[in-house]
Amino acid sequence: MKDNTKVVVALLAGLAAGAALGILFAPSKGDETRDKLAESLKNLGDSIKETAAAEIDNLVGFKDKIVENLKSKVQGAEEEYQDDLEHA
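Residues numbered from 1 in each chain as written. Predicted model: local features only at pLDDT ≥ 70, side-chain atom pairs only at ≥ 80, totals over all residues. Heavy atoms only, no water.

S.K.: So what exactly am I meant to see when it comes to the overall build of the chain here?
M.R.: The number of helices and strands found in the chain is two helices and zero strands. A globule of 88 residues ought to have a C-alpha radius of gyration of about 12 Å, yet the chain, at 25 Å, is considerably larger. C-alpha extents for the chain along the principal axes are approximately 90 × 20 × 10 Å. Of the roughly 7200 Å² of accessible surface on the chain, a fraction of 62% belongs to carbon and sulfur atoms. In the chain, 11 side chains carry a positive charge and 17 a negative one; their mean positions are 13 Å apart. (Helix = DSSP H or I, 4+ residues; strand = E, 2+ residues; numbered from the N terminus. Rg over C-alpha atoms; globule rule 2.2 N^0.38 Å. Areas by Shrake-Rupley, 256 points an atom, 1.4 Å probe, with all protein chains shown as cover. Lys, Arg positive; Asp, Glu negative; His and termini not counted. Charge placed at Lys NZ, Arg CZ, Asp CG, Glu CD.)

S.K.: Quick question: what am I supposed to make of helix 1 (residues 3-25) here?
M.R.: The periodicity of an α-helix, 3.6 residues per turn, causes residues three or four places apart in sequence to face the same way. An ideal rise of 1.5 Å per residue puts 33 Å on 23 residues; helix 1 measures up with 33 Å between its terminal C-alpha atoms. Thr-5, Ala-16, Ala-20 and Ile-23 are the residues of helix 1 that are buried. Tucked into the core, helix 1 has its buried residues touching helix 2 (30-87). (Expected span 1.5 Å × (residues − 1). Buried < 20%, exposed > 50% of the residue type's maximum accessible area, 1.4 Å probe, protein only. Contact = heavy atoms within 4.5 Å.)

S.K.: I'm lost on the pattern of salt bridges in this one. Help?
M.R.: Pairing is possible between side chains of opposite charge, provided their charged atoms come close. Throughout the structure, instances matching the rule amount to two salt bridges. Residue Asp-46 is joined to Lys-42 by a salt bridge in which the shortest nitrogen-to-oxygen separation is 3.2 Å. Here Asp-46 and its partner Lys-42 are both found in helix 2, four residues apart, which amounts to about one turn of the helix. With relative accessibility at 30%, the residue Asp-46 sits in the partly exposed group. Lys-42 sits in the partly exposed class, given a relative accessible area of 48%. (Salt bridge = Lys/Arg side-chain N within 4 Å of Asp/Glu carboxyl O.)

S.K.: Whenever I open this one, a nonpolar patch on the surface confuses me. Can you help?
M.R.: A surface patch of nonpolar side chains, about 360 Å² in accessible area, is lined by Leu-21, Leu-24 and Phe-25. You can see Phe-25 is positioned in helix 1. Under the relative-accessibility criterion, Phe-25 is labelled exposed at 69%. (Patch = residues over 30% accessible without salt bridge, like charges linked within 9 Å, V, L, I, M, F, W, Y side chains within 5 Å.)

S.K.: Please explain a negative patch on the surface as it appears in this structure.
M.R.: Together, Glu-78, Glu-79, Glu-80, Asp-83, Asp-84 and Glu-86 make up a region of like negative charge exposed at the surface. Within the secondary structure, Glu-79 sits in helix 2.

S.K.: Whenever I open this one, the packing of helix 1 against helix 2 confuses me. Can you help?
M.R.: A pair of packed helices is captured by two measures, namely the crossing angle of their axes and the spacing between those axes. It is at 9 Å that the axes of helix 1 and helix 2 come closest, and there the two elements cross at 175°. Regarding the angle of helix 1 to helix 2, the classification is roughly antiparallel. Side by side, helix 1 and helix 2 meet where Thr-5, Val-8, Val-9, Leu-12, Ala-13, Ala-16, Ala-19, Ala-20, Ile-23 and Leu-24 of the first sit next to Thr-33, Lys-36, Leu-37, Ser-40, Leu-44, Ser-47, Thr-51 and Glu-55 of the second. In terms of residue class, the contact of helix 1 with helix 2 is built from eleven nonpolar, five polar and two charged. (Axes fitted to C-alpha atoms, helices over the stretch in contact; angles between N-to-C directions. Parallel < 35°, antiparallel > 145°, perpendicular 65-115°, else oblique. Nonpolar A, V, L, I, M, F, W, Y, C, P; charged D, E, K, R; others polar.)

S.K.: Is there a simple way to think about the side chain of Thr-51 in this case?
M.R.: Along the chain, the position of Thr-51 falls in helix 2. Under the relative-accessibility criterion, Thr-51 is labelled buried at 18%. Apart from the residues lying within four places of it in its own chain, the contact partners of Thr-51 are Thr-5, Val-8, Val-9 and Leu-12.

Structure (structure tokens):
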């Protein structure tokens, strides 16, 4: 994972933990507290999914660049080999 992604994930986890603790220690009824906690955890899950999807997209793009680079190098080597065979 990139350093920026690690920071974002850590920040989101910290925010979720802080929100959960704040909700747990707030003077509310049990039902209200559970609902608030469930909503906070759902939001955290959504944020993590979005971050993971963005990282997957980055990795797919990186993989595509590497594959294209390798294909062009192999093609260049094949052409050079064919030229060497013709001139030998």
